Amino acid sequence: MHQAIVRFNIMAMIIICVVMPVPAAVADTDPAQWEKGMTEPIRKVVVRAPVSGVVDNIPIEEGDAVKKGQLLVSMKNEMEKLDLERKKLMWKDKTRVNSTRVRAKILKEMYKNNKSLYQQSGSISEEELRKSELQYQKAKSQLKRLELQERKERIEYDIAEQRLNKKKIRAPFSGVVSEIAVETGAHCKPHQAMLHLLNPEKCVLVCNVKGAKAAKVQVGDNVELQVYSGGEWLDKKGTIVYKAPMVHSASGLVKLKARFDNGNNQIIPGVKGRMLLQ
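Now for a look at the structure at hand. Residue positions within a chain follow its written sequence, with the count starting from 1. Residue-level local features of this predicted model are given only where pLDDT is at least 70; pairs of side-chain atoms are given and counted only at 80 or more, and the full residue set underlies all totals for whole chains, interfaces and linings. Side-chain numbers come from the whole structure's heavy atoms, not from hydrogens or water.

## Remarks on a positive patch on the surface
For patches, a residue must show more than 30% relative accessible area and have no salt bridge; joins then use 9 Å for like charges and 5 Å for nonpolar side chains, namely Val, Leu, Ile, Met, Phe, Trp and Tyr. Each accessible area value is a Shrake-Rupley result obtained with a 1.4 Å probe; residue values ignore everything except the protein chains displayed when judging cover. A side-chain nitrogen of Lys or Arg and a carboxyl oxygen of Asp or Glu constitute a salt bridge if their distance falls within 4 Å. By the counting rule applied here, Lys and Arg register as positive and Asp and Glu as negative, while His and the ends of each chain are not counted. One atom stands in for each charge, and that atom is NZ of Lys, CZ of Arg, CG of Asp or CD of Glu. A cluster of basic residues, Lys 108, Lys 112, Lys 140 and Lys 144, forms a positive patch at the surface. The numbering of helices and of strands both runs from the N terminus, where a helix is a DSSP run of H or I of at least 4 residues and a strand a run of E of at least 2. Counting residues per element, the ones that place at least two in the positive patch are α3 (95-120) and α4 (126-165). Mapped onto the elements, Lys 108 comes out in helix α3. Partly exposed residues are those whose accessible area sits between 20% and 50% of the maximum for their type, while under 20% is buried and over 50% is exposed, using a 1.4 Å probe and protein chains only. Residue class for Lys 108 comes out partly exposed when judged on its relative accessible area of 38%.

Quick look at the structure:
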């Protein structure tokens, strides 16, 4: 009798499990509604050499977090330093400008006095007056040339300073060094890739979806995202920040980008994800 009751209870439980529907709250979303894609950092850049030179020091390593403006790579700069110092000495030398300014001031007063004498008493000749005026105008012109030369020397100093600064490559924004492509002692050409920098705190999920679905989505719409990390799907809140203006002619798909926050660096950019589109 006891065994019959046990068998009855087991059969009843099996029937309940098979027949009873799964509550809607825990039912999985229809897989057809998920659009697959890949995650990318919003800000990523290849830092390139602005000028040619030999790598002197790399004070950072791959995986390091850096701040905007932080030194990433320095190149040998002895010649640039010497040139900057020479341009500075030329620019700061005020000897000729100051002496010419004083001379022009004196000649101006002399000309004014001679002009007054010529007009009031005629004690000096017209030729002497013209000679005095010519000396003053000549000194005045020389002063203008020297002042112009001084401005040119200041510009040349600024250019030399910029050349020196280009030997120090700094981070264009705060982020993480994902790859270093040069070594100490290597000679770099202009525009040669030196390292890769990205900011993983703000990412996008990039999906290519059918035109019919994309037509229902607009920039600014909020969407549900899931990103695969650590062997599980993590839920994320996303916002559509880009919708391709046209359908790809070959595939018939439209590219969408949804931004999501990754402030805790929980997600490594490059992993797969999916976007829920109704």
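## Notes on the pattern of salt bridges
Overall, the coordinates contain twelve salt bridges when judged by the stated rule. In this structure, Glu 35 and Lys 213 form a salt bridge, with 2.9 Å as the shortest nitrogen-oxygen distance. One end of the pair, Glu 35, is in strand β1 (residues 34-48); the other, Lys 213, is in helix α5 (residues 211-214), and 178 residues separate them in sequence. Among the residues examined, Glu 35 registers a relative accessible area of 14% and is labelled buried. A salt bridge links Lys 94 to Glu 150, with the shortest nitrogen-to-oxygen separation between them at 2.0 Å. One end of the pair, Lys 94, is in the loop between α2 (78-92) and α3; the other, Glu 150, is in helix α4, and 56 residues separate them in sequence. Judged by relative accessible area, Lys 94 falls into the partly exposed class, the value being 27%. Put simply, Asp 83, Arg 86 and Lys 87 are held in one network by salt bridges that share partners.

## Re the packing of α2 against α4
Closest axis-to-axis distance for the α2/α4 pair is 9 Å, and the angle between their directions is 160 degrees. Judged by the angle between their axes, α2 and α4 are roughly antiparallel. By crossing handedness, the relation of α2 to α4 is classed as left-handed. Taken together, the residues of α4 that come into contact with α2 (itself represented by Glu 80, Lys 81, Asp 83, Leu 84, Lys 87, Lys 88, Met 90 and Trp 91) are Glu 150, Glu 153, Arg 154, Glu 156, Tyr 157, Ala 160, Glu 161, Arg 163 and Leu 164. Residues that form the contact of α2 with α4 fall into these classes: six nonpolar, no polar and eleven charged. All axes here are fitted lines through C-alpha atoms, helices being fitted over the stretch that makes contact, and every angle between N-to-C directions spans 0 to 180 degrees. Roughly parallel covers angles under 35 degrees, roughly antiparallel covers those over 145, roughly perpendicular covers 65 to 115, and oblique covers all other angles. Crossing handedness is defined as follows: a turn of the near helix away from the far one that is anticlockwise and smaller than a right angle gives a left-handed crossing, while the clockwise case is right-handed. Contact definition: two residues touch when any of their heavy atoms are within 4.5 Å. When residue character is reported, Ala, Val, Leu, Ile, Met, Phe, Trp, Tyr, Cys and Pro are called nonpolar, Asp, Glu, Lys and Arg charged, and the others, Gly included, polar.

## So, the packing of aromatic side chains
Two rings from Phe, Tyr or Trp (for Trp, the six-membered ring) form a pair when their centres sit within 6.5 Å of each other. Planes less than 30 degrees apart are called stacked, planes more than 60 degrees apart edge-to-face, and all others tilted. Applying the stated criterion across every chain yields a total of three aromatic pairs. The rule for a charge over a ring is simple: NZ of Lys or CZ of Arg within 6 Å of the ring centre, and within 35 degrees of the ring normal. Positioned above the aromatic ring of Tyr 228 is the side chain of Lys 272, whose terminal nitrogen or guanidinium carbon lies 4.8 Å from the ring centre.

## Looking at the packing of α3 against α4
Closest axis-to-axis distance for the α3/α4 pair is 8 Å, and the angle between their directions is 155 degrees. Taken as axis vectors, α3 and α4 run roughly antiparallel relative to one another. Where α3 crosses over α4, the handedness of that crossing is left-handed. Partitioned by chemical class, the residues of the contact of α3 with α4 number eleven nonpolar, five polar and ten charged.

## A word on a nonpolar patch on the surface
Among the surface-exposed residues, Val 102, Ile 106 and Met 110 lie close enough to one another that they form a single nonpolar patch of about 270 Å² accessible area. By relative accessible area, which is 48% here, Ile 106 ends up partly exposed.

## A word on the sheet that holds strand β2 (residues 53-57)
On the basis of which strands lie adjacent, the open sheet formed by four strands has the order β5-β4-β2-β7 and antiparallel pairing. Both outer strands of the open sheet, β5 (168-170) and β7 (187-188), are each paired with one neighbouring strand and no more. DSSP calls a pair of strands paired once it identifies at least 2 bridges connecting them. Pairing geometry for strand β4 (residues 71-75) and β5, over three bridges, is antiparallel. Residue Leu 71 lies in a different strand from β5, and its bridge partner there is Arg 170.

## Digging into the environment of Val 46
By secondary structure assignment, the location of Val 46 is in strand β1. You can call Val 46 partly exposed: its relative accessible area is 30%. Separated by 134 residues in sequence, Val 46 and Ile 180 place their C-alpha atoms 9.9 Å apart. Not counting the four nearest positions on each side in its chain, Val 46 is found in contact with Ala 193, Leu 195 and His 196.

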